[in-house]
Amino acid sequence: MKHIKFAAIIGVSVSALSAGAAPENALYEEAKATVTQWAETESLISKELNDWKADKAVLEDLARMLESEKEGLSEKIEKAKESATEADKRREEIVARKESLEEASAVVRENLESLEDGIRELIPYFPANYVDSIKPLIRQIPEKGKPSQLSLSVRLRNVVGILSQANKFDNVISLETETREFADGPSKQVNTLYFGFSIAYYSDASGEKAGYGYPTQEGWKWQEAPEYGPSILSMISMYEKGKQAEFVKLPVVIK
């Protein structure tokens, strides 16, 4: 190496000076100091070079680690962007659904008020015993023009429940045991045969207290008609015992 050759040359020069006659001490000392300083410099350079190699290896490892971390962060950022996009889409869907539900609620609210008005007008046409059976639903129908604390779903459920029961009642013949007041005497227990909301016939066990009724805007109107007692008893018997149907003469009300 060049450094070794240079050291050899200096060494020879120093030897030559030492072998020469009457060398100057100052020159000798200077050369010696120069050689010593050079050796220390070479040692320092060698140490710095080794340290640099070690530091370089550490830095290269750190660079690789940072590059790997950078790639990982890039992937996470992309995934986060995808998640944010999906979240935005989901949020847009929720907002759109909310707006749609609000529009639907407005339509339901408007029609529900009309339905509740219809229920209030229909209640007088219900027989008293039928009103008792659906009274929990009727009580939740708000008064006309007054706000309701109930949700739309509960109000709609009440309306549907009342109309369902009314439709069921109107499409069947039903026999009810009732207590009826009479103008010429005490109240008596009678059997009443309802033909939906059209007409009903009643009679006591003897047929003496008999009559018929029909719905009006003020409620059911009952008319005593004891002359039809036997016919009404016969009709009730056919219903209860499943006898073969026969023609019976009974009054009807056409409205």
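In the block above lies the structure referred to throughout.
Worth saying up front: this structure is predicted, and the values here are computed from it rather than measured. (Residues numbered from 1 in each chain as written. Predicted model: local features only at pLDDT ≥ 70, side-chain atom pairs only at ≥ 80, totals over all residues. Heavy atoms only, no water.)

Peer 1: Looking at this structure, I do not really get the packing of aromatic side chains. What am I missing?
Peer 2: Two measures describe an aromatic ring pair: the distance that separates the ring centres and the angle between the ring planes. Taken as a whole and judged by the stated rule, the model has 12 aromatic pairs. Arranged with centres 5.3 Å apart and planes meeting at 35°, the rings of Phe126 and Phe197 form a pair that is tilted. Of this pair, Phe126 sits in the loop between α2 (25–122) and α3 (128–133) while Phe197 sits in the loop between β2 (185–195) and β3 (199–203); the two residues are 71 residues apart in sequence, bridging distant segments of the chain. Overall, Phe197 belongs to the buried group, its relative accessible area being 16%. Joined through ring pairs, the aromatic side chains of Phe126, Tyr130, Phe169, Phe182, Tyr194, Phe197, Tyr202, Trp220 and Trp222 make up one cluster. One residue, Arg180, lies across the ring of Trp222, its end atom 3.8 Å from the ring centre. Looking at Lys209, its charged tip hangs above the ring of Phe182, at a distance of 5.2 Å from the centre. (Phe/Tyr/Trp six-rings, centres within 6.5 Å; stacked < 30°, edge-to-face > 60°. Helix = DSSP H or I, 4+ residues; strand = E, 2+ residues; numbered from the N terminus. Buried < 20%, exposed > 50% of the residue type's maximum accessible area, 1.4 Å probe, protein only. Lys NZ or Arg CZ within 6 Å of the ring centre and 35° of its normal.)

Peer 1: Looking at this structure, I do not really get the environment of Tyr228. What am I missing?
Peer 2: Within the fold, Tyr228 resides in the loop between β5 (219–224) and α6 (229–241). Sequence separation between Tyr228 and Tyr201 is 27 residues; the distance between their C-alpha atoms is 9.4 Å. The residues contacting Tyr228, other than those within four sequence positions of it, are Lys249, Leu250 and Pro251. (Contact = heavy atoms within 4.5 Å.)

Peer 1: I keep staring at the pattern of salt bridges and nothing clicks. Help me out?
Peer 2: Pairing of side chains with opposite charge becomes possible as their charged atoms draw close. All told, the structure shown has 10 salt bridges when counted by the stated rule. For Arg180, the salt bridge identified is with Glu178, shortest N-O distance 2.5 Å. Glu178 carries the same exposure label as Arg180, and that label is buried. Measuring nitrogen to oxygen at the nearest pair gives 3.0 Å for the salt bridge that ties Asp204 to Lys188. One end of the pair, Asp204, is in the loop between β3 and β4 (210–216); the other, Lys188, is in strand β2, with 16 residues separating them in the sequence. If you follow the salt bridges from partner to partner, you end up with Asp117, Arg120 and Lys144 in one network. (Salt bridge = Lys/Arg side-chain N within 4 Å of Asp/Glu carboxyl O.)

Peer 1: Could you clarify how one ought to interpret the side chain of Thr192 in this entry?
Peer 2: Position of Thr192 relative to the elements: it lies in strand β2. A polar contact is formed between the side chain of Thr192 and the side chain of Glu178, at a distance of 2.8 Å. If near-sequence neighbours (up to four positions away) are discounted, Thr192 is found in contact with Ser174, Leu175, Glu176, Glu178, Arg180, Ala200, Tyr201, Tyr202 and Trp222. (Polar contact = N/O pair within 3.5 Å; in protein donor to acceptor, adjacent residues only side chain to side chain.)

Peer 1: Quick question: what am I supposed to make of the pairing of β5 here?
Peer 2: For a regular strand, the rule is simple: side chains alternate between the two faces of the sheet. Looking at chain direction, β4 and β5 are connected through 6 bridges and run antiparallel. Within the sheet, the bridge partner assigned to Pro215 lies in β5 and is Trp220. (Pairing = 2+ DSSP bridges.)

Peer 1: Would you take a moment to explain the sheet that holds β5 for this structure?
Peer 2: The strands making up a sheet associate through backbone hydrogen bonding, with each pair oriented either parallel or antiparallel. Pairing is antiparallel in the open sheet, where 5 strands are placed in the order β1-β2-β3-β4-β5. Each edge of the sheet is formed by a strand with only one pairing partner; in this case those strands are β1 (173–182) and β5. Looking at each pair of strands side by side, their axes are set apart by 30° on average, direction ignored. Summarising the sheet, β1 and β2 pair through 9 bridges and their orientation is antiparallel. Along β2, the bridge assignment pairs Glu178 with Val190. (Axes fitted to C-alpha atoms, helices over the stretch in contact; angles between N-to-C directions.)

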